[in-house]
Amino acid sequence: MSKFITFEGVDGAGKSTHLAWFADALRQRGHDVVVTREPGGTPLGERLREILLTQTMCIGTEALLMFAARMEHIEQVIKPALRAGKWVISDRFSDASFAYQGGGRGLDWDKLSQLEQWVHGDLQPDLTLFFDIPVEVARQRLRSPDNTRPSNSSLDRFEQEQADFFERVRAGYHKRVQENPQRYAVIDAVQSMDKVKHQLEKIVASI
Ligand code: TYD
């Protein structure tokens, strides 16, 4: 049976590294896995991503473009894959809009709920892995020389935000988890890579 799994967390939480490992672990168990991301995941979505990560715009536009990219992603990629019995893992989904546009930028939560209802009222992830980490630790990781990116100048429009923005993003994620706790596995992302991997192994075994 197909499953839709999303990965979430503030920038620097390490979710993308763990996502690759998680997808491989599922493939080893014989699942047909599609890995995708937001904003993006389709040719149009990737063009919107480029705009979203580089262009200054008003908050409402930002939210609408995130959901526009998502609508395309759901119709072109996510639903067809699920219908074909595949497992879909998305690096971010609507929780990121609630956390970043809602929490971080202060956009009205109800407006986001309306967009969510319109764009995917009939679809929610079966499971969301939320990589939780104190903002200071995430920011150190983002700016660490171990980061594959050459310098701070390559940080995108969101990553360049200040600590208080990310505190609000993190609070936004916590609010989403509280609203619907059964959908989430909250991962303590401060732990070593090995410990996180061990936790993910358990999740893979349980699903
Ligand atoms: P991210 O997964 O962090 O990309 P990368 O790992 O390549 O840096 O996603 C890009 C940014 O988009 C991230 O800072 C969060 C932001 N974002 C939103 O603000 N709202 C959304 O709905 C989504 C999906 C992402």
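Look up: the structure comes first, before these words.
Model, not experiment: these values are computed from the prediction.

Draft legend 1. Inspection of unusual backbone geometry at higher detail. In this chain, glutamate 38 is followed by proline 39 through a cis amide linkage whose omega measures -10°. With a phi close to 80°, arginine 92 is a non-glycine residue in the positive phi region. Here arginine 92 is to be found in the loop between β3 (87-91) and α4 (94-104). You can call arginine 92 buried: its relative accessible area is 11%.

Draft legend 2. Structural context of the pattern of salt bridges. For the coordinates displayed, the defined rule picks out 16 salt bridges. The partner of arginine 92 in a salt bridge is glutamate 8, with the nearest N and O atoms 3.9 Å apart. Of the two residues, arginine 92 is situated in the loop between β3 and α4 and glutamate 8 in strand β1 (residues 4-9); the sequence distance between them amounts to 84 residues. Exposure class is identical for arginine 92 and glutamate 8. Each is buried. For lysine 79, the salt bridge identified is with aspartate 122, shortest N-O distance 2.9 Å. In this pair, lysine 79 sits in helix α3 (residues 59-83) while aspartate 122 sits in the loop between α5 (109-120) and β4 (127-132), placing the two residues 43 residues apart along the sequence. What makes lysine 79 buried here is its relative accessible area of 18%.

Draft legend 3. Layout of the site of the ligand. The local shell around the ligand holds 19 residues, among which Asp11, Arg49, Arg92, Ser97 and Gln101 are the closest. For the ligand, an oxygen atom lies 3.0 Å from a polar atom in the side chain of aspartate 11. Within the side chain of glutamate 159, a nitrogen or oxygen atom sits 3.1 Å from an oxygen atom of the ligand. Protein coverage of the free-state accessible area of the ligand, which is 550 Å², stands at 89%. Of all the elements in the fold, those that place two or more residues in the shell around the ligand are α1 (15-28), α2 (43-54), α3 and α4. Sort the elements by how many residues they give to the shell around the ligand and α4 lands first, with four residues. Of the residues that constitute the shell around the ligand, the class distribution is six nonpolar, three polar and ten charged.

The rules behind each value
- Residues numbered from 1 in each chain as written.
- Predicted model: local features only at pLDDT ≥ 70, side-chain atom pairs only at ≥ 80, totals over all residues.
- Heavy atoms only, no water.
- Helix = DSSP H or I, 4+ residues; strand = E, 2+ residues; numbered from the N terminus.
- Buried < 20%, exposed > 50% of the residue type's maximum accessible area, 1.4 Å probe, protein only.
- Salt bridge = Lys/Arg side-chain N within 4 Å of Asp/Glu carboxyl O.
- Near = heavy atom within 4 Å.
- Polar contact = N/O pair within 3.5 Å; in protein donor to acceptor, adjacent residues only side chain to side chain.
- Areas by Shrake-Rupley, 256 points an atom, 1.4 Å probe, with all protein chains shown as cover.
- Nonpolar A, V, L, I, M, F, W, Y, C, P; charged D, E, K, R; others polar.

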